[in-house]
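Listed here are the chains, written in short residue letters.
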Amino acid sequence: IQAYSVNVSDSGFVDAILLSEIAAAMTFSRVGVGNKPTTALLANPLTITYCFAGGIFTDCVWTRVSMAAYGAHTNILTDIDGFTFVRDTTRANTIRGNATTYALNATRANNCTWTTPVIIQGAMCLSTCANVTITDTVYCEAVSGTTVTTYAGYVWMVTAASTNVTMSGLTMPVTNNQPYT
């Protein structure tokens, strides 16, 4: 079954949420995806693909246990348009395993805005995205200890023909927990 519209509030989920080809604008408010108490969550907590009607996500929390493998991103957004994310927290519970694992991997995410995103481990990676605004990011590179120096880390990565991307405002509230680059 494929949903025409999705609106969720004040809810928690275990494992993951996958939204694909949703025809209407969606609303998520105070939604969280967390961890199983006995099994490590190795899925992407949030995946959105082929959604062009937009939507707003407010005060949501997306948690992944392990980012050890290449491509083990927390959230994946592909081919989306018109989304707004307000005060969302994206985190991993173990130290990142390599430099190519991101908190957010967005490909062709157009006309999107992130306001006060909280990122705990991994960059916000934007590839072939257009008209993106990210303001007042709160960032912490490691969940425990200090920044890992084995591989480079970034707050934001803008790659592969992205255009009109604006980033402003960055807070790193934890001492010795900034990206290593």
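Below: a short report on this structure. Residue positions within a chain follow its written sequence, with the count starting from 1. Under the rules for a predicted model, residues below a pLDDT of 70 receive no local features and side-chain atom pairs below 80 are neither given nor counted, while totals for whole chains, interfaces and linings still include all residues. Neither water nor hydrogens contribute to the side-chain values; these are computed over all heavy atoms in the structure.

### Section: the pattern of salt bridges
Close approach of charged atoms allows side chains of opposite charge to pair. Note the threshold: Counted as salt bridges are all cases of a side-chain nitrogen of Lys or Arg within 4 Å of a carboxyl oxygen of Asp or Glu. Counting from the N terminus, the helices are DSSP H or I runs at least four residues long and the strands are E runs at least two residues long. Between buried and exposed lies partly exposed: a residue is buried under 20% and exposed over 50% of the maximum accessible area for its type, with that area taken using a 1.4 Å probe on protein chains only.
Taken as a whole, this structure holds 3 salt bridges when the rule is applied. Its salt-bridge partner being Arg-30, residue Asp-10 comes within 2.6 Å of it at the nearest N-O pair. Residue Asp-10 is found in strand E1 (residues 7-14), and its partner Arg-30 is found in strand E3 (residues 26-34); the two are separated by 20 residues along the sequence. Taking the relative accessible area as the measure of exposure, Asp-10 reaches 53% and is therefore exposed. Between Asp-79 and Arg-108 there is a salt bridge whose closest N-O contact spans 2.5 Å. Taken together, the residues span a long stretch of sequence, with Asp-79 in strand E7 (residues 75-81) and Arg-108 in strand E10 (residues 104-110) at a distance of 29 residues.

### Thoughts on the environment of Ile-80
How we decide: Any two residues whose heavy atoms approach within 4.5 Å are treated as being in contact.
Tracing the backbone through its elements, the reader meets Ile-80 in strand E7. Between the alpha carbons of Ile-80 and Cys-112 there is a distance of 8.5 Å; along the sequence they are 32 residues apart. Ignoring sequence-local partners within four residues, the contact set of Ile-80 consists of Ile-48, Cys-51, Phe-52, Arg-108, Ala-109, Asn-110 and Cys-112.

### Some details on the sheet that holds strand E13 (residues 124-127)
What counts, and what does not: Any two strands between which DSSP finds at least two bridges are classified as paired. In this analysis, axes come from line fits to C-alpha atoms, helices being fitted only over the stretch in contact, and the angle between any two N-to-C directions falls in the range 0 to 180 degrees.
In spatial order, the strands read E2-E4-E7-E10-E13-E15; together these 6 strands make up an open sheet with parallel pairing. Both outer strands of the open sheet, strand E2 (17-20) and strand E15 (156-159), are each paired with one neighbouring strand and no more. Averaged over all pairs of adjacent strands, the angle between strand axes in this sheet comes to 15 degrees, irrespective of strand direction. For E13 and E15, the ladder comprises 4 bridges, and the chain directions are parallel. Looking across to E15, one finds that Cys-125 is bridged to Met-157.

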